[in-house]
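Chain and residue survey
Below, each chain spelled out in residue letters.
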Amino acid sequence: MEPAAAAYLFLLGLAAGVSLLTLTAYRHVSPAWWRWLLFAAGLFVMTRYVTMALFTTPEAPQRFGALRPCWYATSLGLPLASVVALDQLIRHPAMTPKRLLTWFSPFLAAYGAVIVFGQAVIVPDDRVIGWTLHLEPAWRAALSLTHTIFILGFIGLCVLTSLKLPSRPIRTALALLVLGQAFLGFDGLTLALGQWYFRPYLFSELVMLLALWHAYETSGSLS
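What comes next is a walk through the structure. This one's a predicted model, so the numbers in the text were calculated from it and none came from an experiment. (Residues numbered from 1 in each chain as written. Predicted model: local features only at pLDDT ≥ 70, side-chain atom pairs only at ≥ 80, totals over all residues. Heavy atoms only, no water.)

Details of the overall build of the chain
Our working definition: Secondary structure elements are taken from DSSP: a helix is a run of H or I of four residues or more, a strand is a run of E of two residues or more, and numbering for both begins at the N terminus. Computation of the radius of gyration draws on C-alpha atoms alone. For the globule rule, the value is 2.2 Å times the number of residues to the power 0.38. Burial here depends on accessible area, computed with a 1.4 Å probe over protein chains only, as a share of the maximum for the residue type. Under 20% is buried, over 50% is exposed, and the range in between is partly exposed.
Along the chain, the regular secondary structure elements total eight helices and two strands. Ordering the α and β elements of the chain from the N terminus gives α-α-α-α-α-β-β-α-α-α. A compact globule built from 223 residues should have a C-alpha radius of gyration of about 17 Å, and the chain, at 17 Å, falls within 12% of that. Judged by the C-alpha coordinates and their principal axes, the chain covers about 50 × 35 × 30 Å. The buried share of the chain, taken over its 223 residues, is 44%.

Topic: the pattern of salt bridges
Rule in force here: A carboxyl oxygen of Asp or Glu within 4 Å of a side-chain nitrogen of Lys or Arg is what we treat as a salt bridge.
Under the counting rule described, the total for this entry stands at three salt bridges. Between arginine 48 and glutamate 205 there is a salt bridge whose closest N-O contact spans 3.1 Å. With arginine 48 in helix H2 (residues 32-54) and glutamate 205 in helix H8 (residues 202-222), the pair connects residues that are 157 residues apart, well separated along the chain. A relative accessible area of 6% places arginine 48 in the buried class. With relative accessibility at 2%, the residue glutamate 205 sits in the buried group. In this structure, glutamate 59 engages arginine 63 in a salt bridge whose closest nitrogen and oxygen atoms are separated by 3.2 Å.

Re the nonpolar core
A general feature of soluble globular proteins is that nonpolar side chains tend to end up buried together. Rules: Among buried residues, those of type Ala, Val, Leu, Ile, Met, Phe, Trp, Tyr and Cys that are joined through side-chain atoms within 4.5 Å constitute a nonpolar core. Should any heavy atoms of two residues lie within 4.5 Å, those residues are considered in contact.
Ranked by size, the top nonpolar core spans 60 residues in total, and within it Leu38, Tyr49, Val84, Leu177, Leu212 and Tyr216 carry the most contacts. Those elements giving two or more residues to this core turn out to be helix H1 (3-25), H2, helix H4 (73-90), helix H5 (97-117), strand E2 (131-135), helix H6 (137-164), helix H7 (168-192) and H8. By residue number, the principal contributor to this core is H4, which donates nine residues. In contact with tyrosine 216, not counting residues within four places along its chain, are Ala25, Tyr26, His28, Val29, Leu38, Ala81, Val84, Ala85 and Gln88.

Side note on the pairing of strand E1 (residues 120-124)
Put simply, the rule is: Should DSSP find at least two bridges between two strands, the strands are taken to pair.
Bridge analysis of E1 against E2 gives five bridges, and the strand direction is antiparallel. Paired with valine 121 across the bridge in E2 is histidine 134. The hairpin turn running from E1 into E2, its antiparallel successor, is six residues long, and glycine 130 in that turn takes a positive phi close to 80 degrees.

A short note on a nonpolar patch on the surface
Rules: Residues forming no salt bridge and having over 30% relative accessible area are the ones grouped into patches, like charges within 9 Å of each other and nonpolar side chains (Val, Leu, Ile, Met, Phe, Trp, Tyr) within 5 Å. All accessible areas in this document rest on Shrake-Rupley with a 1.4 Å probe, and a residue is counted as covered only by the protein chains that are shown.
A cluster of nonpolar residues, Val159, Leu160 and Leu163, forms a patch on the protein surface that exposes about 310 Å² of accessible area. The residue leucine 163 is located in helix H6 in this model. The exposure class of leucine 163 is exposed, given its relative accessible area of 66%.

With respect to H5
Where we set the bar: We define the bend at any residue as the angle between the axes fitted to the seven residues before and including it, ending there, and the seven starting there.
Within H5, the axis deviates most sharply at phenylalanine 104, by approximately 50 degrees, and proline proline 106 lies no more than four positions further along. Of the positions making up H5, those classed as buried are Leu100, Phe104, Tyr111, Gly112, Val114 and Ile115. Tucked into the core, H5 has its buried residues touching H2, H4, E2 and H6.

Some remarks on the environment of proline 169
By secondary structure assignment, the location of proline 169 is in helix H7. Sequence separation between proline 169 and serine 221 is 52 residues; the distance between their C-alpha atoms is 9.7 Å. If sequence neighbours within four positions are ignored, proline 169 has contacts with Thr218 and Leu222.

None of the figures reported here should be taken as evidence of function without further support.
Shown next, in the form of C-alpha cells:
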C-alpha cells in the first residue's frame, strides 16, 4: 500500500474514533430528546468516515454507491452539534430547545436537501486511493452558500457572546468552536478556489470534533 493511502486510512480511523469521543460528551445534554437527536447525528457523522474507507476499494462504485449520502454527513451533523453546544454553554433562559431548532431549521432543510437530493458523481481519486465524490455544480454552490452563511453567523455569535461573558472556561470553549468553524471555512474556500491538499475537510473536521467534545464537557462541568 502506498504511504499516502496508508496515512489516509489511518486518519479515517482516527476521525471515527474522535467522532465516538465526541458522541460520549452528548451525555451532558438536556432535555433527553436533544441528547438522542445529537446521538443520532453523531452516529451519522461516523458513517462518513466508514464510507470514505469503503470507497478506497476498487469495486466501491458498484458495491457502495448507495452510501453516497453518508459522504456528506458532517455537513449536517457538525452544524447541528455546534448550535446545541453554543446553547448548552450559554443557557440563556429565553432560548428553549424548540426555539433553537426552529431557528436552525432553514439550515437543517438546506443541508438535508443536499444530502438526500444532491446529485454527486463518483470519480477516481488517484491522489490518495480509490474514489471520491463530486457534487454537481448547482448543488455544490448551494452547499457552499449555506456553509458560508452558517459559519459567518456562528463565528459572529460566538465572538459577541464571548465579549459579554466573564467565565474563562466558557470563553475558552467558544474560542475553540470559533477555531473549528474557521478551519472548516478555510477548507471550503480552498476547495472553491480549486486548490487541493491531502483531503479537504478531514483535518478541519477533526479539529471541530475535538472543539465540540471540549464544549460539551465544559457545559457538563458547569451545570
